[in-house]
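So the chains spell out like this:
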Amino acid sequence: MPPVPPLWPDRANERIERRWAEYEVLRQKAALVDDDRVPYISNTTGTEIFAEAFGCAVHRPDDNNPFALPLVRSAAEADRLKAPELSTSSLAYLFDIADELYRRGGPGVVMKPVDIQSPMDIVALIWEKTDLCCAMIDSPDAVKALADKVRGLLVAFFDEWFKRYGTTFVAHYPDYVMHGGITMSVDEVGALSPDMFREFFRDELVSLAEHFDGLGIHCCADARHQWGNFRDLPGLKVMNHNAPPTRDAREYLLAALDFYANTVAQVPIGWTPEGDPQTWPTEFAQGARVVFDVPATDVASAIGVADRLQRLRDTLNSAK
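Residues numbered from 1 in each chain as written. Predicted model: local features only at pLDDT ≥ 70, side-chain atom pairs only at ≥ 80, totals over all residues. Heavy atoms only, no water.

Visitor: Lay out the overall build of the chain in plain terms, naming residues and giving numbers.
Guide: The helix and strand inventory of the chain stands at twelve helices and ten strands. A globule of 320 residues ought to have a C-alpha radius of gyration of about 20 Å, and the chain, at 20 Å, matches this closely. Dimensions of the chain, computed from the C-alpha atoms along their principal axes, are close to 60 × 45 × 35 Å. Per-residue burial for the chain yields a buried fraction of 47% across its 320 residues. Expressed as a percentage of contacts within the chain between residues at least 6 apart in sequence, the contacts between residues at least 24 apart total 67%. (Helix = DSSP H or I, 4+ residues; strand = E, 2+ residues; numbered from the N terminus. Rg over C-alpha atoms; globule rule 2.2 N^0.38 Å. Buried < 20%, exposed > 50% of the residue type's maximum accessible area, 1.4 Å probe, protein only. Contact = heavy atoms within 4.5 Å.)

Next up, the structure:
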């Protein structure tokens, strides 16, 4: 595939053509390899989109994804910030892109949505980080009020998104299929205590899970101290931990598979068991439900790996 064009609003047509070409390749792969990956149309963006809608300036480097620059530097400024109206906001053009891709794919095509972060993670883009951390102690009501405004915009956006494109979708990250629910990145909790998770993050995540009927979470922070808070969220369907660079990936992800076993499905990124797939279940806790993203060098090796994994799953299912 050619490089992805910059994720800038004025490159919308190029983005549409690139994403359509990508979808056609995914369909070709699905016809060749009997794995579980579902062809989807990607609508990937940078992390900036909701912060930009609130008025943040955006830096758009040539060699990386766009990112928002902080707008708010005090509780007083946060209180004055108004939530935008969806149809007239900077988010509107994303529906233009998705509408065209959905039109080409036809009814029933599976869409991958834009980047989704939790309301508090978006607040951490809008509000200059050092002042925000102080405000969480000194002015918690202002922080929660801004997060509530963000949550309202997020709900309005995805109510419209799922109305247009359906509630079966591939998660924003990593790739797994959801039938209902919403997925999001929750990374800022890595820098906070478990008590602060419960004060600032839990209620908004529970509210979103209830509104959309389920939740999938990605966390790439070193957040092992928050695993209990994640596991206890009602409506959590899928948990993805990426092993942070400060940890041994195998140890970290095996510990997660053990911790969440019998409670929620997991998609570990950064480690796949080695050796014959028949031995893989011996590596992780009994009762763990795992989606592995297994690499292959070419079509022939992908066909072979997928065949072995399909047979392994049949064996495991017949043994239940």
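Still more to cover.
Visitor: I'd like to hear about the layout of surface pockets, residue by residue, with values.
Guide: Space inside the second largest pocket adds up to approximately 200 Å³. Here the residues of the lining of the second largest pocket sort into five nonpolar, eight polar and one charged. (1 Å grid on protein atoms, 1.4 Å probe; cavity = no way out; pocket = protein on both sides within 12 Å on 5 of 7 lines; lining within 4 Å. Points joined across faces, edges and corners; volume = space filled by probe spheres on them. Nonpolar A, V, L, I, M, F, W, Y, C, P; charged D, E, K, R; others polar.)

Visitor: Describe the side chain of S185, with residues and values.
Guide: Along the chain, S185 falls in strand β7 (residues 182–185). We classify S185 as buried; its relative accessible area is 7%. In this view, S185 contacts I116, Q117, S118, D121, H172 and H218; residues no more than four positions away in its chain are not counted.

Visitor: Got a sec to walk through a nonpolar patch on the surface? Specific residues and values, please.
Guide: On the surface, L32, V299 and I303 cluster together to form a nonpolar patch covering roughly 250 Å² of accessible area. On the secondary structure map, I303 appears in helix α12 (residues 299–318). Since its relative accessible area comes to 38%, I303 is described here as partly exposed. (Patch = residues over 30% accessible without salt bridge, like charges linked within 9 Å, V, L, I, M, F, W, Y side chains within 5 Å. Areas by Shrake-Rupley, 256 points an atom, 1.4 Å probe, with all protein chains shown as cover. Salt bridge = Lys/Arg side-chain N within 4 Å of Asp/Glu carboxyl O.)

Visitor: Provide a residue-level description of the packing of aromatic side chains, including the pertinent values.
Guide: For the structure on display, the rule yields 21 aromatic pairs. Look at F50 and F158: their rings are 6.2 Å apart centre to centre, the planes differ by 35 degrees, and that puts the pair in the tilted class. Of this pair, F50 sits in helix α2 (residues 49–53) while F158 sits in helix α7 (residues 140–165); the two residues are 108 residues apart in sequence, bridging distant segments of the chain. Judged on exposure class, the residue F50 and its partner F158 are both buried. Between the aromatic rings of F157 and W161, the centroid separation amounts to 5.8 Å while the plane-to-plane angle is 20 degrees, which identifies the pairing as stacked. Note that F157 and W161 are positioned in helix α7 at a spacing of four residues, about one turn of the helix. Comparing F157 with W161 shows no difference in burial state: the two are buried. Here the aromatic cluster, defined as three or more aromatic residues joined through ring pairs, consists of F50, F95, Y102, F157, F158, W161, F162, Y165, F169 and F212. Here the guanidinium or amino end of K144 rests over the ring plane of F200, the centre of that ring lying 5.5 Å away. Cation over ring: R231 sits above F259, and NZ or CZ is 4.0 Å from the ring centre. (Phe/Tyr/Trp six-rings, centres within 6.5 Å; stacked < 30°, edge-to-face > 60°. Lys NZ or Arg CZ within 6 Å of the ring centre and 35° of its normal.)

Visitor: An account of the packing of helix α4 (residues 92–105) against α7 is requested, with residue identities and associated values reported.
Guide: Two elements in contact, α4 and α7, have axes separated by 11 Å at closest approach and are oriented at 15 degrees. Taken together, α4 and α7 sit at an angle that is classed as roughly parallel. For the crossing formed where α4 meets α7, the hand is right-handed. In contact with L94, F95, A98, D99 and Y102 of α4, α7 contributes F157, E160, W161, R164 and Y165. Tallied by class, residues from the contact of α4 with α7 come to seven nonpolar, no polar and three charged. (Axes fitted to C-alpha atoms, helices over the stretch in contact; angles between N-to-C directions. Parallel < 35°, antiparallel > 145°, perpendicular 65-115°, else oblique. Left-handed = near helix turned anticlockwise from the far one by under 90°.)

Visitor: With reference to specific residues and values, describe helix α6 (residues 129–138).
Guide: Among all positions of α6, only L132, A135 and M136 are buried. Down the axis of α6, the sector holding all buried residues measures 105 degrees, keeping them to one side. Relative to its buried face, α6 has exposed residues pointing more than 90 degrees away, namely T130, I137 and D138. For α6, the elements touching its buried residues are α5 (119–126), α7 and α8 (194–200). (Arc of directions from axis to C-beta.)

Visitor: Which residues make up the sheet that holds strand β10 (residues 265–266), and what values do they have?
Guide: Spatial ordering of the open sheet is given by β7-β8-β9-β10, a layout of four strands whose pairing is parallel. Both edges of this open sheet fall to β7 and β10, since each of them pairs with a single strand only. Relative to β10, strand β9 (residues 236–241) runs parallel, the two being bridged by two bridges. Residue pairing across strands places V238 opposite A265, the latter belonging to β10. (Pairing = 2+ DSSP bridges.)

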